[in-house]
Amino acid sequence: MLPIVPDENYRYVMISEQEERARLRAWVHDAVLRSGLSASALAARAGVAQSTITRFLSRDDAPMPNARTISKIAAAARIGPPQLELTSDEPLSLREPDADRFIFDDGTDERLKAMIAAAIGTRTAADPWLLRTDALKFFGCRPGDIAIVDLSRQAQRGDIVCAQHYSINQMTADTIFRVFEQPWLVAATDDPAYRRPLLVDGTAVTIMGVVTDIIRVLT
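Just so it is clear, the model here is predicted, and its values are computed rather than measured. (Residues numbered from 1 in each chain as written. Predicted model: local features only at pLDDT ≥ 70, side-chain atom pairs only at ≥ 80, totals over all residues. Heavy atoms only, no water.)

Enquirer: Where do I start with the environment of Thr 54 in this structure?
Expert: Among the structural elements, Thr 54 can be located in helix α3 (residues 50-58). Between the C-alpha atoms of Thr 54 and Ala 39, which are 15 residues apart in sequence, the distance is 6.1 Å. One polar contact links the side chain of Thr 54 to the main-chain carbonyl oxygen of Gln 50, over a distance of 3.0 Å. (Helix = DSSP H or I, 4+ residues; strand = E, 2+ residues; numbered from the N terminus. Polar contact = N/O pair within 3.5 Å; in protein donor to acceptor, adjacent residues only side chain to side chain.)

This is the structure we're talking about:
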C-alpha cells in the first residue's frame, strides 16, 4: 500500500515510494544540519550504524530508516519526528502536547536563564522542556514547570522520562513524559486520561531521554 499523508489543509494525498523516500531523506538531511554535526557524528550520537544515515542520504537503493531509527535520530538531533505515514482516511488527531521545547527569547527572565544554565551545566545532550501535562502530578510536577531532559542518560526504573509515542491508528507522533517502570511507561496521576500504561518496545514507544531536574517558575 502506498503511503497516504495529509497536505497543509489536512486533506489526504497519496504519494509514491520515491516521493516518500525524498520526503524522509529531506528530513534526515535537515536533522544533520540542525544538529550541527556530520552525518557520521549524528549517527554515533543516535546509537545507529554510520551507514544508516550516510548511505540513505547518498544512495537510492539504501533501505529507509524504520520508526525506531527515526526516533533515535530525532532525539539525537533534538527535533521532532517526520510526518507519519498514514493509512486511513480518518481526520488527523491534533492534541495538546505533554511538553514543548523551552525557547529562550528576549522576554525570558535572566534569573530563569541562569537557573536553566546551572541545571544543564556542561552537558551537551541536555535540553529544557516546558511541561504542559498533569501526567506527573504525584511526582510533584505540574504544568508550567521546566524539565531538563538528558538524551545521553540511560533510563532506570522509577525515572521520569521523555519518550516518543507513535500511534498509527490515531495517526500521531507524540512526545510524552511518563515514569519508567520497566518495561512500561506509566503516569503518576489520578487523571483517567493517562491511565493506560505504554510498553517500551523501541518502535511504537521509544525513550528519548531522562528528566534530571525540574525547575518551577514562581509567579
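Enquirer: Explain the packing of helix α2 (residues 39-46) against helix α4 (residues 67-77) to me, please; I cannot follow it from the model alone.
Expert: Pairs of packed helices are described in terms of their axes, by the angle between the two and the distance that separates them. In the contact formed by α2 and α4, the axes pass within 8 Å of each other and the chain directions differ by 105°. Regarding the angle of α2 to α4, the classification is roughly perpendicular. For the pair formed by α2 and α4, the contact residues are Leu 42, Arg 45 and Ala 46 on the first element and Lys 72, Ile 73, Ala 76 and Ala 77 on the second. Here the residues of the contact of α2 with α4 are counted per class, giving five nonpolar, no polar and two charged. (Axes fitted to C-alpha atoms, helices over the stretch in contact; angles between N-to-C directions. Parallel < 35°, antiparallel > 145°, perpendicular 65-115°, else oblique. Contact = heavy atoms within 4.5 Å. Nonpolar A, V, L, I, M, F, W, Y, C, P; charged D, E, K, R; others polar.)

Enquirer: Can you help me understand the pairing of strand β5 (residues 146-150) in this one?
Expert: Extensive coverage of β5 is indicated by the burial of five of its five residues. Two strands pair when backbone bridges link them, and strand β4 (residues 126-131) and β5 are joined in this way by five bridges, in the antiparallel orientation. Among the inter-strand pairings, Leu 130 is bridged to a residue of β5, identified as Ile 146. Judged from the five bridges that link them, β5 and strand β10 (residues 205-215) form a sheet pairing that is antiparallel. Across the sheet, the residue bridging to Ile 146 is Ile 215, located in β10. (Buried < 20%, exposed > 50% of the residue type's maximum accessible area, 1.4 Å probe, protein only. Pairing = 2+ DSSP bridges.)

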